[in-house]
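As a plain string of letters, each chain reads:
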Amino acid sequence: MWGKIEHYFDEYPVRKIIAKTLLKYGLRVSDDLKIKAGDIEVPYTKIAKALDVDRRVVKETVTMILKIPELRDIYTNLEPTVHMKYVGRHVGYGVIEIEPEPRSVGILAKVAQKIADRGINIVQVVAEDPELYPEATLTIITEKPIPGDLINELSKLEGVKRISIY
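Okay, so let's go over this structure. (Residues numbered from 1 in each chain as written. Predicted model: local features only at pLDDT ≥ 70, side-chain atom pairs only at ≥ 80, totals over all residues. Heavy atoms only, no water.)

## Brief notes about the sheet that holds strand β4 (residues 94-100)
Spatial strand order, β5-β6-β4-β7: 4 strands in an open sheet with antiparallel pairing. Unpaired on one side and paired on the other, β5 (122-127) and β7 (160-165) mark the two borders of the sheet. With direction set aside, neighbouring strand axes in the sheet form an average angle of 20 degrees. The sheet contact formed by β4 and β7 spans 5 bridges and is antiparallel. Bridging from a neighbouring strand, Glu 99 pairs with Arg 162 of β7. Taken strand by strand, helix α6 (residues 107-117) contacts β4, β5, β6 (138-142) and β7, and its axis lies near 20 degrees from that of β6. Helix-sheet contacts for helix α7 (residues 148-155) involve β4 and β7, and the interaxial angle to β7 is about 155 degrees. (Pairing = 2+ DSSP bridges. Helix = DSSP H or I, 4+ residues; strand = E, 2+ residues; numbered from the N terminus. Axes fitted to C-alpha atoms, helices over the stretch in contact; angles between N-to-C directions. Contact = heavy atoms within 4.5 Å.)

## Topic: unusual backbone geometry
The phi dihedral of Leu 33 falls on the positive side, at around 65 degrees, and the residue is not glycine. If you check the backbone angles, Asp 52 has positive phi at about 55 degrees while not being a glycine. Within the element layout of this structure, Asp 52 appears in the loop between α3 (44-51) and α4 (55-67). Owing to a relative accessible area of 72%, Asp 52 belongs among the exposed residues under this scheme. (Buried < 20%, exposed > 50% of the residue type's maximum accessible area, 1.4 Å probe, protein only.)

Shape is all these values report; function is a separate question.
Spelled out as structure tokens, the structure:
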């Protein structure tokens, strides 16, 4: 998705960083010029400090987003989501992260089928956008840890570059 909208920020490198960060974290822009994580307001100063930019540029970015219909449609509908990658193991879930070969197609379907064939339920899947994350991964959380032989089987699938277990 980032590749379809980043051109709006080409003349504004700092705004581009801010906009990309809002998208990456699912931070929504509201009609009243606020940045929100769900219903929780995130002050401009906090975004500015985290990115080492001036808070006024954060406000300018929000204003710009609201003026451009395509950006407005996206940024006013963002939602943050829970990513259980680091907490799954603490509640007994299985957590695997797959780094695919670039532009591989169908990895999620192949992996999900192999997991389903073993009668293991998938609780969450997070597929990172390669345009936002240079080393995009596919994280799969299962209701129980995945057995070692299945990990070996998954690592041999076409398009799988690397598998990590958490």
